[in-house]
Amino acid sequence: MLIVLSGPSGAGKDSVIEELRKGDGNRHFVVTATTRPPRPGETNGVDYIFLDEATFLEMRRNQELLESAQYSGRWYGVPRSQVSGALNEGRDVFLKIEVQGAETIRSIAPEAVLVFLAPASVAELARRLAQRRTEDPAELQRRLDIARQELEQVGRYDYCVVNRDGCLDQAVSEIEAIIAAEKCRVEPRRVVLD
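Caption draft 1: Just helix 3 (residues 80-88), in detail. For helix 3, the complete set of buried residues consists of Gln82, Val83, Ala86 and Leu87. All buried residues of helix 3 project into a common sector of 115° when viewed along the axis, lining one side. Opposite the packed face of helix 3, turned more than 90 degrees from it, sit the exposed residues Ser81 and Asn88. Of the surrounding elements, those touching the buried residues of helix 3 are strand 1 (2-6), strand 2 (27-29), strand 4 (49-50), strand 5 (65-71), strand 6 (74-79) and strand 7 (92-97).

Caption draft 2: The sheet that holds strand 2, seen in detail. An order of 2-7-1-8-9 is seen for the five strands of this open sheet, with the pairing classed as parallel. The open sheet has two edge strands, strand 2 and strand 9 (159-162), and neither has a second partner. Sheet twist, expressed as the average angle between the axes of neighbouring strands with direction ignored, equals 25°. By the bridge criterion, four bridges tie strand 8 (residues 113-118) to strand 9 in an arrangement that is parallel. Directly across from Leu117, in strand 9, lies its bridge partner Val161.

Caption draft 3: Broad picture of the pattern of salt bridges. Tallied over the full model, the rule gives 16 salt bridges. Of the charged contacts, one joins Glu58 and Arg61 as a salt bridge, the two residues approaching to 4.0 Å between their closest N and O atoms. Of this pair, Glu58 and Arg61 both sit in helix 2 (residues 53-61), three residues apart, roughly one helical turn. Arg61 sits in the exposed class, given a relative accessible area of 59%. Between Lys183 and Asp92 there is a salt bridge; the shortest N-O distance is 2.5 Å. Remark: Asp92 occurs in strand 7 and Lys183 occurs in helix 7 (residues 168-183); sequence separation between them is 91 residues. Classification of Lys183 by relative accessible area gives partly exposed; the value is 43%. Among the ionic contacts, a cluster of salt bridges with common partners joins Glu124, Arg127, Arg128 and Asp165.

Caption draft 4: Here's a closer look at the sheet that holds strand 3 (residues 33-34). Spatial ordering of the open sheet is given by 4-3-6-5, a layout of four strands whose pairing is mixed. Each of the sheet's edge strands pairs with one partner strand only, and the pair in question is strand 4 and strand 5. Relative to strand 6, strand 3 runs antiparallel, the two sharing two bridges. Counted as the bridge partner of Ala33 is Gly77 from strand 6.

Caption draft 5: Highlighting the packing of helix 1 (residues 13-20) against helix 7. In contact at an axis separation of 10 Å, helix 1 and helix 7 are set at 65° when each is read in the N-to-C sense. Both helix 1 and helix 7 take part in a crossing whose hand is right-handed. In this structure, helix 1 uses Ser15, Val16, Glu19 and Leu20 to contact helix 7, whose residues at the interface are Leu168, Val172, Ile175 and Glu176.

Caption draft 6: Quick peek at empty space enclosed by the protein. All chains considered together, the criterion is met by one cavity of 30 Å³ or more. Forming the walls of the largest cavity are Lys13, Thr32, Tyr48, Glu67, Ala69, Gln70, Tyr71, Tyr76, Lys96, Ile97, Glu98 and Gly101. Of all the secondary-structure elements, those providing two or more residues to the lining of the largest cavity are strand 5 and strand 7. In terms of residues, the lining of the largest cavity owes the most to one element, strand 5, which gives four residues. Partitioned by chemical class, the residues of the lining of the largest cavity number five nonpolar, three polar and four charged.

Definitions and cut-offs
- Residues numbered from 1 in each chain as written.
- Predicted model: local features only at pLDDT ≥ 70, side-chain atom pairs only at ≥ 80, totals over all residues.
- Heavy atoms only, no water.
- Buried < 20%, exposed > 50% of the residue type's maximum accessible area, 1.4 Å probe, protein only.
- Helix = DSSP H or I, 4+ residues; strand = E, 2+ residues; numbered from the N terminus.
- Arc of directions from axis to C-beta.
- Contact = heavy atoms within 4.5 Å.
- Pairing = 2+ DSSP bridges.
- Axes fitted to C-alpha atoms, helices over the stretch in contact; angles between N-to-C directions.
- Salt bridge = Lys/Arg side-chain N within 4 Å of Asp/Glu carboxyl O.
- Left-handed = near helix turned anticlockwise from the far one by under 90°.
- 1 Å grid on protein atoms, 1.4 Å probe; cavity = no way out; pocket = protein on both sides within 12 Å on 5 of 7 lines; lining within 4 Å.
- Points joined across faces, edges and corners; volume = space filled by probe spheres on them.
- Nonpolar A, V, L, I, M, F, W, Y, C, P; charged D, E, K, R; others polar.

This is the structure:
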């Protein structure tokens, strides 16, 4: 199965993924490539694949990325080989991508399960982003403006999970329940990439 976890910056995608990694061992979590610089504590190849713009654009030209998009002035993309390799091994594949990218994945792999991770409110989201202290005020405002637009896209997803402050375990449990339910479908979703 291909599971897409998406939502606005600050919704808690990284925290949810970290918890999901502790579950079923037959899962592959794709590491997204980006041109943004690493934040303090981030490790290349673990948190993201940090690339300069020229290398990223070359991968894009060579169709080495399943999808790619610009977000807040930086490029983000999903390495095609990570997805197809894990699917061919029979593993469940998790993509953590922005809302733009989720729409692209839906067109490439309509069988993918799209989960939108939302904050309880825009005010809660603004608080989380400010607490990270990784963006200057202009960048923070830009991310909030984008988040408002992204929250309007929730209807394009198969599921929406609200990640409330202090309730990470509940959000993770809901996503685990979605995965379990999808695996019980009479006709399971099977993704085949060219």
